[in-house]
Amino acid sequence: MPPKLKDLQKQCKDIGLDHTGKVSELVQRLKDHRNRGTSSPEDQEDPTCDAILVTQSMTGSVDDMKRYAHDAFEQTLEVEELDVREVMGELYVGNVRGLGLAGLPERVRILEENDTAKNAKIAELDANIAELNDYVSILRLAGPDYKRVRNRALTVFKRDKLRETLMQSDRDIIEAGNVTAHSGDAAIDALLYDGVGAREDSYVFEALYGLHPTDVMKIIPALRLTSPAHKETIEILNLHAGVKAHKYKTGTDEFYRRFAIFIQAFKRSDPRVNYLNEGFMNATCAAYWSLRECEKYEECKLSNIYQVQPAQDPAHKIYWGLQISAPRYVASLLRLIRSASDSSIRSSSALVLGSTLSNDPKALASTTSDPQVPLIRSLLSSLAIEKDAGAKARILYALNKAIKSPLNRSEFLIGGGMRTLQGLFAQGNAKFLIKAATLVEDNFLNDDMRAESELKAEAGVMKQDNIPNRYRPDSVLNDERNFYRPFEDALLNQSNQEDLESDEFKSKVFSALSALKHKYPGDEACTPSAHFLTWLEGQVDLKGETLFELEEEGGQLTRLLAVENHSLFAGPEGSESSTA
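Residues numbered from 1 in each chain as written. Predicted model: local features only at pLDDT ≥ 70, side-chain atom pairs only at ≥ 80, totals over all residues. Heavy atoms only, no water.

Caption draft 1: The overall build of the protein, seen in detail. When helices and strands are tallied, the protein shows 28 helices and 3 strands. Classification of the 580 residues of the protein by burial places 39% in the buried group. Taking as baseline every contact in the protein between residues at least 6 positions apart, the subset at least 24 positions apart corresponds to 63%. Carbon and sulfur atoms make up 54% of the accessible area of the protein, which totals about 33300 Å². (Helix = DSSP H or I, 4+ residues; strand = E, 2+ residues; numbered from the N terminus. Buried < 20%, exposed > 50% of the residue type's maximum accessible area, 1.4 Å probe, protein only. Contact = heavy atoms within 4.5 Å. Areas by Shrake-Rupley, 256 points an atom, 1.4 Å probe, with all protein chains shown as cover.)

Here's what the structure looks like:
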């Protein structure tokens, strides 16, 4: 028969054990007590237990309080029943209030351990939150930039694929996106060198920003509160990147020198100190403000010219043509064409100027509205000293567009433009010679290539009495005739240049030579040589083919032109006066 709950409770109470709980708990409690009782004192680690008695006592002097407490304890022992309770594996004896404090030190210790663990977890969470805040701060900065790039992508799609005419607001979107896409962002770019799939070419980052990516990543957390100066540091790194990577402008040597000084000072500075608050006695602070005040580009007046994209519609072209053709911008372009140290900058500047003037009379008039901007003289001077073949061809392109104006054409002649071209003609490659021949033919030999408005304007220039003589074409020696012999020599290729044997080259030069002969048919300066006539006869010998068959073959334009203009050179007059 299983023991009854009341019997078990009485047994536990009689031997001083806790008599509360279920039957199973009371049985186990009695078994544990008997086991402890049967073991020898040597087997027990500690045969004692804590006795806790709690009561209330009166206050007073020290001695009185001790006496009051003694009396209170005695009275409590007489009145209250003592009990035995096991708490956290330990036995305690005491009154009800005293047993409430049983195991208190252990419970406090456990709570302190839990509190320590929670504090460590909170610290870990705080660190994670701080890191996330750093990334959020960076992403918040990058957000508007990314929106500008995506905004540009949609607008370019609208322009290129949907073929829609862009409004000025659309062009502003593209321009803003271009600036963002090609400018520096040290904070974001440094993250590209961290984590899975990270970039490994850290030297590229250092060349652009002056610091290693890991150094910049150390700055990123400080962007929040620890050092406000690091925001300016990132801005300086981005500034250097923008100057370094600019497609058209060239940074000044002084700017790069001061940036190097700032980087060295920054590396030696205490990252915990806001160097901007230290004053100019602080090397990093002094270097920072010195760099801020430095001239960044070799030519700083062209802040927006090179951000102009090729026009996709007439309205865009006219708008930007008038913007760039302002004399102050033209003057800056001319300086770059003449003195920029990088040939690609000289070439690009000439291309921008030529494109601005191309088929835009208003832009052309704007470029010459300021007499202090010597457009033609400057281009001729730059053409004469340019050594790079590509830049030279671009300058000639700009010159060709500039002399579409009658006044500019006269200025070209008066300034010795023909003599300059003649001097350079024999030294140029095929590309330059083609452009030179085309310039002479289109502007001085072939009226069909010049707009009716140009011809009327030129006639007006000759008739007006208030136009200075130096602008009168009829008062200038039409020395395009002096090109006759250089054109002939180029066709005969006596220098055996390989690039002068193409049909494209020969057809362009022969076209200009024919136009020159047509304009001055009986002029002594335009008399064909015997070698040229021999060459011409070889070109007109079709070897049994018809003109139609030549056209079908392709690449035979020179021979077709030779057949068409043969009588112009080899007629009775031309044959009689030919020279060896």
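That shown, we press on.
Caption draft 2: Layout of unusual backbone geometry. With a phi close to 60°, Arg163 is a non-glycine residue in the positive phi region. Relative to the helices and strands, Arg163 is located in the loop between helix H5 (104-160) and helix H6 (168-181). The class of Arg163 is exposed, set by a relative accessible area of 69%.

Caption draft 3: Structural view of the packing of helix H24 (residues 503-519) against helix H27 (residues 557-570). Viewed as axis vectors pointing N to C, H24 and H27 meet at an angle of 20°, and their least axial separation amounts to 9 Å. Here H27 runs roughly parallel to H24, going by the angle between their axes. For the crossing formed where H24 meets H27, the hand is left-handed. Of the residues in H27, those in contact with Asp503, Lys506, Ser507, Phe510, Ser511, Leu513, Ser514, Lys517 and His518 of H24 are Leu557, Thr558, Leu561, Ala562, Asn565, Leu568 and Phe569. For the contact of H24 with H27, the class distribution of residues is 7 nonpolar, 6 polar and 3 charged. (Axes fitted to C-alpha atoms, helices over the stretch in contact; angles between N-to-C directions. Parallel < 35°, antiparallel > 145°, perpendicular 65-115°, else oblique. Left-handed = near helix turned anticlockwise from the far one by under 90°. Nonpolar A, V, L, I, M, F, W, Y, C, P; charged D, E, K, R; others polar.)

Caption draft 4: Molecular detail of the pattern of salt bridges. Enumeration over the complete set of coordinates arrives at 14 salt bridges. As a salt-bridge pair, Arg377 and Glu411 come within 3.0 Å of each other at their nearest N and O atoms. Note that Arg377 is positioned in helix H17 (residues 375-385) and Glu411 in helix H19 (residues 406-414), a separation of 34 residues in sequence. The class for Glu411 is buried, based on a relative accessible area of 11%. A salt bridge links Arg481 to Asp523, with the shortest nitrogen-to-oxygen separation between them at 3.0 Å. Within this pair, whereas Arg481 is found in the loop between helix H22 (452-463) and helix H23 (484-492), its partner Asp523 is found in the loop between H24 and helix H25 (530-540), the two being separated by 42 residues in sequence. Arg481 sits in the partly exposed class, given a relative accessible area of 23%. (Salt bridge = Lys/Arg side-chain N within 4 Å of Asp/Glu carboxyl O.)

Caption draft 5: Quick peek at the packing of aromatic side chains. One pass over the full model with this rule turns up 18 aromatic pairs. One aromatic cluster is present, built from ring pairs that chain together Phe262, Phe266, Tyr275, Tyr288 and Trp289. Cation over ring: Lys244 sits above Tyr256, and NZ or CZ is 5.1 Å from the ring centre. (Phe/Tyr/Trp six-rings, centres within 6.5 Å; stacked < 30°, edge-to-face > 60°. Lys NZ or Arg CZ within 6 Å of the ring centre and 35° of its normal.)

Caption draft 6: Expanded view of a nonpolar patch on the surface. A cluster of nonpolar residues, Leu101, Leu104 and Val108, forms a patch on the protein surface that exposes about 220 Å² of accessible area. Secondary-structure assignment places Leu101 in the loop between helix H4 (96-99) and H5. (Patch = residues over 30% accessible without salt bridge, like charges linked within 9 Å, V, L, I, M, F, W, Y side chains within 5 Å.)

Caption draft 7: Examining the environment of Ser410 more closely. You can see Ser410 is positioned in helix H19. Judged by its relative accessible area of 1%, Ser410 falls in the buried class. Distance from Ser410 to Ile376, taken between C-alpha atoms, is 9.8 Å for residues 34 residues apart in sequence.

Caption draft 8: Structural detail: the pairing of strand E3 (residues 90-94). As defined by bridge partners, strand E1 (residues 50-52) adjoins E3 across 3 bridges and the pair is classed as parallel. Bridged to Ala51 within E3 is Val93. Bridge count for strand E2 (residues 83-87) against E3 is 5 bridges, and the pairing is antiparallel. In the sheet register, Asp83 faces E3, and the bridge partner there is Gly94. (Pairing = 2+ DSSP bridges.)

Caption draft 9: Expanded view of the side chain of Thr76. Residue placement: Thr76 occurs in helix H3 (residues 62-79). Not counting chain neighbours up to four residues away, the residues in contact with Thr76 comprise Leu53, Thr55 and Asn95.

Caption draft 10: Expanded view of the nonpolar core. Grouped together as the largest cluster of nonpolar side chains are 63 residues, with contacts concentrated most on Leu379, Phe412, Phe487 and Phe510. At 10 residues, helix H21 (residues 430-445) tops the list of elements feeding residues into this core. With 26 residues, the next largest nonpolar core counts Phe205, Leu237, Val243 and Ile263 among its residues. (Core = buried A, V, L, I, M, F, W, Y, C linked by side-chain atoms within 4.5 Å.)

Caption draft 11: Here's a closer look at the sheet that holds E2. Taken together, the 3 strands give an open sheet; going across it, the order is E1-E3-E2, and neighbouring strands pair in mixed fashion. Only two strands of the sheet have a single partner each, and these edge strands are E1 and E2. Within the sheet, the average angular offset between the axes of one strand and its neighbour, ignoring direction, is 30°.

Caption draft 12: Geometry of the confidence of the model for the protein. For the protein, per-residue confidence averages 77 on the pLDDT scale, and 80% of positions sit at 70 or higher. Within the protein, the element-level pLDDT minimum falls on helix H28 (residues 572-576), averaging 44, and the maximum on helix H11 (residues 253-268), averaging 92. Confidence over residues 300-319 falls short of pLDDT 50; this stretch has 44 contacts with residues more than four positions distant or in other chains. (pLDDT = per-residue confidence, 0-100.)

Caption draft 13: Inspection of H11 at higher detail. An ideal rise of 1.5 Å per residue puts 22 Å on 16 residues; H11 measures up with 23 Å between its terminal C-alpha atoms. Of the positions making up H11, those classed as buried are Phe255, Phe259, Phe262, Ile263, Ala265 and Phe266. Down the axis of H11, the smallest arc covering the buried residues is 165°, so these residues share one side. Facing away from the buried side of H11, by more than 90 degrees, are the exposed residues Asp253 and Arg268. (Expected span 1.5 Å × (residues − 1). Arc of directions from axis to C-beta.)

Caption draft 14: Just H24, in detail. Under the 1.5 Å per step criterion, the end-to-end length of H24 is 24 Å for 17 residues, consistent within 8% with the ideal 24 Å. Taken together, the buried positions of H24 are occupied by Phe505, Lys506, Ser507, Val509, Phe510, Ala512, Leu513, Ser514, Ala515, Leu516 and Lys517. For H24, the secondary structure elements touched by its buried residues are H21, H23, H25 and H27.

Caption draft 15: Spotlight on the side chain of Ser382. Examined against the element boundaries, Ser382 turns out to sit in helix H17. Not counting residues within four places of it along the chain, the set of residues in contact with Ser382 comprises Ile337, Arg338 and Ile395.

Caption draft 16: Highlighting the environment of Val243. Topologically, Val243 is positioned in helix H10 (residues 229-244). Since its relative accessible area comes to 1%, Val243 is described here as buried. Sequence separation of Val243 and Gly184 is 59 residues, and the distance between their C-alpha atoms is 9.0 Å.

Caption draft 17: Structural detail: the environment of Arg335. Tracing the backbone through its elements, the reader meets Arg335 in helix H14 (residues 327-339). The exposure class assigned to Arg335 is partly exposed, which follows from its relative accessible area of 38%. Residues Arg335 and Ser382 lie 47 residues apart in sequence; the distance between their C-alpha atoms is 9.3 Å.

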